Amino acid sequence: MHARTGPTSPAGELVTGLRGRSPEFARLWDEHPVVGPYCEPKRLNHPEVGLIELHGQTLLDPDQYQALTVFTAVPGTESHERLRLLSASGSAVGSV
């Protein structure tokens, strides 16, 4: 899928043009190497609790054309415990 509005959208027209000009792009597009709405783990060094590894998932609101990425730690890990400590202390991870 190129965009919510399909192949006639600006994104769809861009993909069509790139596929016609670049065999490498066409091959990569056909392979569709995108995993999904998840992003690579992020490692943050918080000044109060130390290193935290977070995994992100992007949530989409197609009607509003907005996206929200939610970061969480794997339960049972040191990162999960450190994140719990931050929520209890009122400190924010985003303020790093």
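Within every chain, residues take consecutive numbers counted from 1 along the sequence as written. This being a predicted model, a pLDDT of at least 70 is required before a residue's local features are given, and a value of 80 or more before pairs of side-chain atoms are given or counted; all residues contribute to the totals for chains, interfaces and linings. Excluded from the side-chain calculation are hydrogens and water; included are all heavy atoms of the structure.

Q: When you look at the overall build of the protein chain in this model, what are you seeing that I'm missing?
A: Tallying secondary structure elements over the protein chain gives 3 helices and 3 strands in all. Its helices and strands in sequence order give the protein chain the pattern α-α-β-β-β-α, from N to C terminus. Residue burial is assigned from relative accessible area. The probe radius is 1.4 Å, only protein chains are included, and a residue is buried under 20% of its type maximum, exposed over 50%, and partly exposed in between. For the protein chain, the proportion of its 96 residues judged to be buried stands at 16%. Residue contacts follow a heavy-atom distance rule, with two residues in contact if any of their heavy atoms lie within 4.5 Å. A separation of at least 24 residues holds for 32% of the contacts in the protein chain among residues at least 6 apart in sequence. Accessible areas in this description were obtained via Shrake-Rupley with a 1.4 Å probe; residue shielding takes into account the shown protein chains only. As displayed, the protein chain offers around 7300 Å² of accessible surface, 57% of which is attributable to carbon and sulfur atoms. Put simply, DSSP marks the helices as runs of H or I at least four residues long and the strands as runs of E at least two long, and each gets a number from the N terminus on.

Q: Is there a simple way to explain the packing of helix H1 (residues 10–21) against helix H2 (residues 23–31) in this structure?
A: Think of two packed helices as two axes; the pair is described by the angle between the axes and how far apart they sit. All axes here are fitted lines through C-alpha atoms, helices being fitted over the stretch that makes contact, and every angle between N-to-C directions spans 0 to 180 degrees. Here H1 crosses H2 at 125 degrees, and the two axes come no closer than 5 Å. Compared by their axis directions, H1 and H2 come out oblique. Our pair here, H1 against H2, has a crossing hand that is left-handed. Residues Val 15, Leu 18, Arg 19 and Arg 21 of H1 form the contact with H2, whose own contacting residues are Pro 23, Phe 25, Ala 26, Trp 29 and Asp 30. Here the contact of H1 with H2 is composed, by residue class, of 6 nonpolar, no polar and 3 charged. An angle counts as roughly parallel when it lies under 35 degrees, as roughly antiparallel when it exceeds 145, as roughly perpendicular when it falls between 65 and 115, and as oblique in every other case. Definitions for this section: a left-handed crossing has its near helix turned counterclockwise from the far helix by less than a right angle. A right-handed crossing has that turn clockwise. Throughout this entry, Asp, Glu, Lys and Arg are counted as charged residues, while Ala, Val, Leu, Ile, Met, Phe, Trp, Tyr, Cys and Pro are counted as nonpolar. The remaining residues, Gly among them, count as polar.

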